[in-house]
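Understanding the architecture of this molecule
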Amino acid sequence: METKDIERLVRPNILAMAPYSTARDECEGNPEIFLDANESPYDNGFNRYPDPHQRKLKSKVAAVKGIGEEHIFIGNGSDEAIDLAYRIFCRPGTDNAISISPTYGMYGVAAATNDVEFREVPLKEDFSIDEKGLLAAADENSRLLFICCPNNPTGNSFPREQLLRIISAFKGIVIIDEAYIDFSSGSSLISELDSHPNLIILQTVSKAWGMAGLRVGLAFASPYIIRLFSNVKYPYNINGLTQEIVAKLIETARPRTEETVSERERTAKAMAGYRGILEVYPSDANFILVKCTDPKGLYKSLIENRIIVRDRSGVKGCEGCLRITIGTPEDNDRLLYTIGIWSSALSPDRDTARDGSAETAAASRRATVFRATSETGITVMIDLDGKGPCFISTGIGFFDHALEQIVHHGGISLLVEAKGDLHVDEHHTVEDVAIVLGKAVSEALGSKIGIGRYGFVLPMDESEASVLIDLGGRTDFSWDAEFSREKIGDMPTEMFRHFFKSFAESSCCNLHISARGENEHHKIEGIFKAFARALKMAIARDRFPYSLPSSKGVL
Ligand code: PMP
């Protein structure tokens, strides 16, 4: 295709129009006094119109992308470029656009707002393109063809050779949306622009660049197409503040992808192992598409735990699927933990194994407690009847290890995420984790009806630890364990006593701990394991769940 072929695709009214010329377009010389644009003369930083051509921003984008400024259009999000493509190339009521399906919803929405027929060609079952079907959907009025690569919401990319074949074969404009290209192992088609005049590439600073709130999308195309975009856009489509900030960030920052990509792989792998997850589709983007047995149920569980994902189960081709964006490692831990809880509730043997009672099985014993102070931010999620999802991250290695013992020997599910002032010392983190954990146990226990209440002595090689617990509701604490070392691993030994004391106070329990032995590591590990066992006994549901384990009749 050549430029004259592209010209034939442009709506006649667009070819004929005279674009709006701003006051600053007509500005000549080197003026100091601006009386041309009816602005306010009083300087407050925003009183002047911004550069309608975004020259400074374009020069930075050009440098980063290795492409001339004449190939760049900057829009108010990629959505502006999508809409403009319809307005430039499609005659309402006559022309049509073609797209793969499922894909990003705005291609269809913009078709509808522009009164353009939208022809969707389903992807194959493995989400690959039905190349023949796609090209066969075209007729003499097909002006635009959209392919999102990597595709939203399926997450996969398409082979470069296939895209190039389609671009060569299609008689209209092909728009390749590369919003997620930074997360992909493939490379951009920008290098193909010179050899394909009918190609428009969309990118955005909303994803890997982390600037979704600023609303900047990029389109790369031949200078001829870029001129058409500039003629049709609102004169000042990118506000001054945005131009300034994006120009600065593009110069100084880089897209953040490394952690997201490794977290994507970790999260996908972990999720694939859960009951109720049928398929985790391979992804080249910053999200994963997950097919599950009960998408609405999982969605609801996640919402209850204050996690929102995108329910795509109603989208054709995505039946049963949720689209899950990859967050920080902490976000992903919480996600996995919550899916783990949801998943273990699906297990047919779960509750009978625990207490043999369908009635008690109905009442869940879970709690989520957040606590933020100027010293720490702690999240604890606990399921006293869980099956072991365990995400512990306190920043203190040995403390993590100790808390994991509570999960493994306590028969619970636990997430502990602590961000504390460890640069000061471990004190606040350990104390606050204990407080939040105690509160979470107490909340999860609820009425305490049917619990065992008491419990444990545990040998650990040459050491021995005894933990007596009473969840009756009164608080007492004793500690009889001495350590000759100041630290075990990275954990100060004085903090062990403090941890359990804080837990006892926060959960209102009686806790009596003693330990003796020669090996310091064994001694404390014994204490944590004995604590876990004691807790397990105390929270265990009695076979006769109607009674409170109290001679007074109240707890
Ligand atoms: N293209 C795709 C494929 C997207 O998924 C999105 C946003 N979800 C966009 C474009 C929109 O990007 P922008 O923020 O630049 O409008």
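Residues numbered from 1 in each chain as written. Predicted model: local features only at pLDDT ≥ 70, side-chain atom pairs only at ≥ 80, totals over all residues. Heavy atoms only, no water.

1. Here's the deal with the sheet that holds strand β4 (residues 142-148)
Using the following cut-off: Strand pairing is defined by DSSP finding a minimum of two bridges between the two strands. Secondary structure follows DSSP: runs of H or I at least 4 residues long count as helices, runs of E at least 2 residues long count as strands, and numbering of each begins at the N terminus. Axis definition: a line fit to C-alpha positions, over the contact stretch in the case of helices; interaxial angles, taken between N-to-C directions, run 0 to 180 degrees. A contact between two residues is defined here by any heavy atoms of the two lying within 4.5 Å.
Read from one edge to the other, the open sheet built from seven strands follows the order β1-β7-β6-β5-β4-β2-β3, with strand pairing classed as mixed. Edge positions in the sheet fall to β1 (72-75) and β3 (117-122), since each has one partner strand and no second. Shown here is a sheet whose adjacent strand axes are inclined to one another by a mean of 20 degrees, direction ignored. The pairing of β1 with strand β7 (residues 217-220) spans four bridges and is antiparallel. Residue pairing for β7: Phe73 is matched across the bridge by Ala219. On top of the sheet, helix α7 (residues 160-169) reaches β4, β5 (173-177) and β6 (199-204); it is set at about 155 degrees to β5, its chief contact.

2. Some words on the site of the ligand
Note the threshold: The cutoff for a nearby residue is simple: one of its non-hydrogen atoms must lie within 4 Å of the molecule or strand. Whenever two N or O atoms come within 3.5 Å, that pair is a polar contact, provided that in protein one can donate a hydrogen and the other can accept it, and provided that, for residues adjacent in sequence, both atoms are side-chain atoms. Note that accessible areas follow from Shrake-Rupley with a 1.4 Å probe, and for residues the cover is restricted to the protein chains shown. Gly is put with the polar residues, along with every residue not named as nonpolar or charged; the nonpolar set is Ala, Val, Leu, Ile, Met, Phe, Trp, Tyr, Cys and Pro, and the charged set is Asp, Glu, Lys and Arg.
In the region of the ligand, 15 residues are neighbours, and Asp177, Tyr180, Thr204, Ser206 and Arg215 sit closest. Between an oxygen atom of the ligand and a side-chain N or O atom of Tyr180, the distance comes to 2.6 Å. In this structure, Ser206 approaches the ligand through a side-chain N or O atom, which is 2.6 Å from an oxygen atom. Considered on its own, the ligand offers 400 Å² of accessible surface; in the complex 91% of this is hidden by protein. For the shell around the ligand, the class distribution of residues is six nonpolar, five polar and four charged.

3. Details of the domain arrangement of the protein chain
To keep it simple, the criterion reads: Residue ranges for the domains trace back to a domain assignment, done automatically or taken from a database. Defined in terms of a 1.4 Å probe, buried area is the accessible area two parts forfeit on being brought together, summed over both. What makes a salt bridge here is a side-chain nitrogen of Lys or Arg within 4 Å of a carboxyl oxygen of Asp or Glu, nothing more.
The assigned domain composition of the protein chain is domain 1 (3-252), domain 2 (258-344) and domain 3 (366-539). The C-alpha centroid of domain 2 is placed 31 Å from the C-alpha centroid of domain 1. Counting residues at the interface gives 15 residues for domain 1 and 17 residues for domain 2. Together, the buried faces of domain 1 and domain 2 total about 1,200 Å²; carbon and sulfur atoms form 60% of this surface. When the area that domain 1 buries against domain 2 is broken down by residue, the three leading residues are Phe127, Pro153 and Phe183, summing to 46%. If you look at where domain 1 meets domain 2, you find zero salt bridges. Linking domain 1 with domain 2 are six residue pairs in polar contact (both at pLDDT 80 or more). Taken together, the residues that form the side of domain 1 that touches domain 2 break down as six nonpolar, nine polar and no charged.

4. Focus on the packing of helix α16 (residues 427-445) against helix α17 (residues 494-507)
Rules: Roughly parallel means an angle under 35 degrees; roughly antiparallel, over 145; roughly perpendicular, 65 to 115; everything else is oblique. Crossing handedness is read from the near helix: turned anticlockwise from the far helix by less than a right angle, it gives a left-handed crossing, and turned clockwise, a right-handed one.
Where α16 meets α17, the axes come as close as 7 Å, and the angle between the chain directions of the two elements is 30 degrees. In terms of their interaxial angle, α16 and α17 are classed as roughly parallel. Handedness of the crossing formed by α16 with α17: right-handed. Packed against α16, whose contacting residues are His427, Val430, Glu431, Val433, Ala434, Ile435, Leu437, Gly438, Lys439, Val441 and Ser442, the element α17 presents Met495, His498, Phe499, Ser502, Phe503, Ser506 and Ser507 at the interface. The residue inventory of the contact of α16 with α17, partitioned by class, reads nine nonpolar, seven polar and two charged.

5. Quick look at the pairing of strand β8 (residues 277-280)
As judged from the three bridges shared by β8 and strand β9 (residues 287-292), these two strands associate in the antiparallel manner. Counterpart to Val280 in the pairing with β9 is Val290. Taking the residues between adjacent antiparallel strands as the criterion, β8 and β9 are bridged by six residues.

6. Considerations on the sheet that holds β9
Ordered by their spatial adjacency, four strands build an open sheet running β8-β9-β11-β10, and the pairing between neighbours is antiparallel. Unpaired on one side and paired on the other, β8 and β10 (310-311) mark the two borders of the sheet. Across two bridges, β10 lies against strand β11 (residues 321-325) in antiparallel orientation. Bridge pairing in β11 links Arg310 to Arg323. Sheet contacts for helix α11 (residues 295-304): β8, β9, β10 and β11; angle to β11, the most-contacted strand, approximately 35 degrees.

7. Side note on the pattern of salt bridges
Going by this rule: Burial classes follow relative accessibility: with a 1.4 Å probe on protein chains only, a residue under 20% of its type's maximum area counts as buried, one over 50% as exposed, and anything between as partly exposed.
Under the defined criterion, the tally for this structure stands at 29 salt bridges. Its salt-bridge partner being Arg119, residue Asp139 comes within 2.9 Å of it at the nearest N-O pair. With Asp139 in the loop between α6 (131-136) and β4 and Arg119 in strand β3, this residue pair connects regions lying 20 residues apart in the sequence. As a salt-bridge pair, Asp311 and Lys296 come within 2.7 Å of each other at their nearest N and O atoms. Here Lys296 lies in helix α11 and Asp311 lies in strand β10, a separation of 15 residues in the sequence. We classify Asp311 as partly exposed; its relative accessible area is 22%. Using a relative accessible area of 53% as the deciding quantity, one classes Lys296 as exposed. The network of salt bridges with common partners includes Arg24, Asp36, Glu39 and Arg48.

8. Quick look at the pairing of strand β15 (residues 413-420)
This is how the line gets drawn: A crossover counts as right-handed when, viewed with the strands pointing away from the observer, the path leading from the first strand over the helix to the second turns clockwise.
The element β15 is largely enclosed, with a buried count of six among its eight residues. Pairing geometry for strand β14 (residues 390-393) and β15, over four bridges, is parallel. Bridging from a neighbouring strand, Ile392 pairs with Val416 of β15. With respect to chirality, the unit in which β14 leads through helix α15 (residues 397-410) into the neighbouring parallel β15 is left-handed.

9. Some details on the environment of Glu117
Within the secondary structure layout, Glu117 lies in strand β3. Overall, the relative accessible area of 42% leaves Glu117 in the partly exposed class.

10. Concerning the environment of Val64
Take Val64: it is sitting in helix α3 (residues 55-65). On a C-alpha basis, the gap between Val64 and Glu251 in space is 7.9 Å, while along the polypeptide they are 187 residues apart. Residues in contact with Val64, not counting those within four places in the same chain, are Trp209, Ile250 and Arg254.

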